[in-house]
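# Architecture at a glance
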Amino acid sequence: MEHDKALGLLSLARKAGRIEVGEAPVSIAARAGKARLVLVASDASDHTLRKTQNLVAGTKQPLLKVPYDKDTLGNTVGYSAISVCALTDPALALHFVRALEPEAQDAELTALLLERAEKARRRQAEQKAHRANVRRGKKKS
């Protein structure tokens, strides 16, 4: 079931340390440019939603109101209830959006996350190649 897959990805993100939970950590991650996707629970208060929208308004981090309530979202990541969390890994954010039920998906958001995940993958490959070149250069000396 797709619903369980999306929640499973959130649980995996928690275990991998690729998620920030709560308003303060999400705020810090968003300001630092590390939040790849900010999630708001479906039953979050209007104040929390507006505050989170204002937080990401000046940044390039997308915001998604997920079809999960605070209790479900919280239990998935090891808390009793949470209103806001942020995925910090671009590939994980992409897979999360793709795992949502079709009516909760956003084509524009998926395209944006796909572009960012590809960019991150290329950057990692370049860094790996650079490290290999540096190691080869040290061995020749």
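Heads up: these notes are all about the structure in this document. (Residues numbered from 1 in each chain as written. Predicted model: local features only at pLDDT ≥ 70, side-chain atom pairs only at ≥ 80, totals over all residues. Heavy atoms only, no water.)

### What about the pattern of salt bridges?
For side chains bearing opposite charge, pairing can occur when the charged atoms are close. One pass over the structure, following the stated rule, counts two salt bridges. Measuring nitrogen to oxygen at the nearest pair gives 3.1 Å for the salt bridge that ties Lys51 to Glu23. Pair noted here: Lys51 is in helix 3 (residues 46-57) and Glu23 is in helix 2 (residues 23-31), with a separation of 28 residues, a long-range link. By relative accessible area, which is 35% here, Glu23 ends up partly exposed. Between Arg121 and Glu118 there is a salt bridge, with the nearest N and O atoms lying 3.0 Å from each other. Of the two residues, Arg121 and Glu118 are both situated in helix 6 (residues 107-140); the distance of three residues between them amounts to about one turn of the helix. (Salt bridge = Lys/Arg side-chain N within 4 Å of Asp/Glu carboxyl O. Helix = DSSP H or I, 4+ residues; strand = E, 2+ residues; numbered from the N terminus. Buried < 20%, exposed > 50% of the residue type's maximum accessible area, 1.4 Å probe, protein only.)

### Observations concerning the sheet that holds strand 4 (residues 84-87)
Strand pairing in a sheet is mediated by backbone hydrogen bonds. Such pairs are either parallel or antiparallel. Taken in spatial order, the four strands line up as 1-4-2-3 in an open sheet, and their pairing is mixed. At either end of the open sheet lies a strand with only one pairing partner, and these are strand 1 (19-21) and strand 3 (63-65). Neighbouring strand axes in the sheet, compared pairwise and without regard to direction, differ in orientation by 20° on average. With three bridges connecting them, strand 1 and strand 4 associate as antiparallel partners. By the bridge assignment, Ile19 is partnered in strand 4 with Leu87. Of the strands in this sheet, strand 2 (37-40), strand 3 and strand 4 are in contact with helix 3, which crosses strand 3 at around 160°. (Pairing = 2+ DSSP bridges. Axes fitted to C-alpha atoms, helices over the stretch in contact; angles between N-to-C directions. Contact = heavy atoms within 4.5 Å.)

### Quick word on the packing of helix 2 against helix 3
Packing of helix 2 against helix 3 brings their axes to within 10 Å, and their N-to-C directions diverge by 20°. Considering their axes alone, helix 2 and helix 3 lie roughly parallel with respect to each other. Of the two possible hands of crossing, helix 2 and helix 3 adopt the one that is right-handed. Contacts between helix 2 and helix 3 pair Glu23, Val26, Ser27, Ala30 and Arg31 from the former with Thr48, Lys51 and Leu55 from the latter. The residue inventory of the contact of helix 2 with helix 3, partitioned by class, reads three nonpolar, two polar and three charged. (Parallel < 35°, antiparallel > 145°, perpendicular 65-115°, else oblique. Left-handed = near helix turned anticlockwise from the far one by under 90°. Nonpolar A, V, L, I, M, F, W, Y, C, P; charged D, E, K, R; others polar.)

### Concerning the side chain of Thr76
Position of Thr76 relative to the elements: it lies in helix 4 (residues 70-77). Overall, Thr76 belongs to the buried group, its relative accessible area being 17%. With residues up to four places along the chain from it excluded, the contact list for Thr76 reads Leu7, Leu10 and Ser11.

### Things to note about the pairing of strand 4
Burial along strand 4 is two-sided: Val84 and Ala86 facing one way and Cys85 and Leu87 facing the other are all buried. Bridge count between strand 2 and strand 4: four bridges; the pairing is antiparallel. The partner of Val40 across the bridge, within strand 4, is Val84.

### Brief notes about the nonpolar core
In terms of nonpolar packing, the biggest core is built from 31 residues, with Leu10, Leu37, Leu39, Leu64, Leu87 and Phe96 touching the most fellow members. For this core, the elements supplying multiple residues, two or more each, are helix 1 (2-16), strand 1, strand 2, helix 4, strand 4, helix 5 (90-99) and helix 6. For this core, the element with the highest residue contribution is helix 5, accounting for six residues. Here Leu87 is in contact with Leu10, Ala13, Arg18, Ile19, Lys34, Ala35, Arg36, Leu37, Leu39, Leu92, Ala93 and Phe96, once residues within four sequence places are set aside. Core analysis: the second largest hydrophobic core is formed by eight residues, Val26, Ala35, Val38 and Ala86 among them. (Core = buried A, V, L, I, M, F, W, Y, C linked by side-chain atoms within 4.5 Å.)

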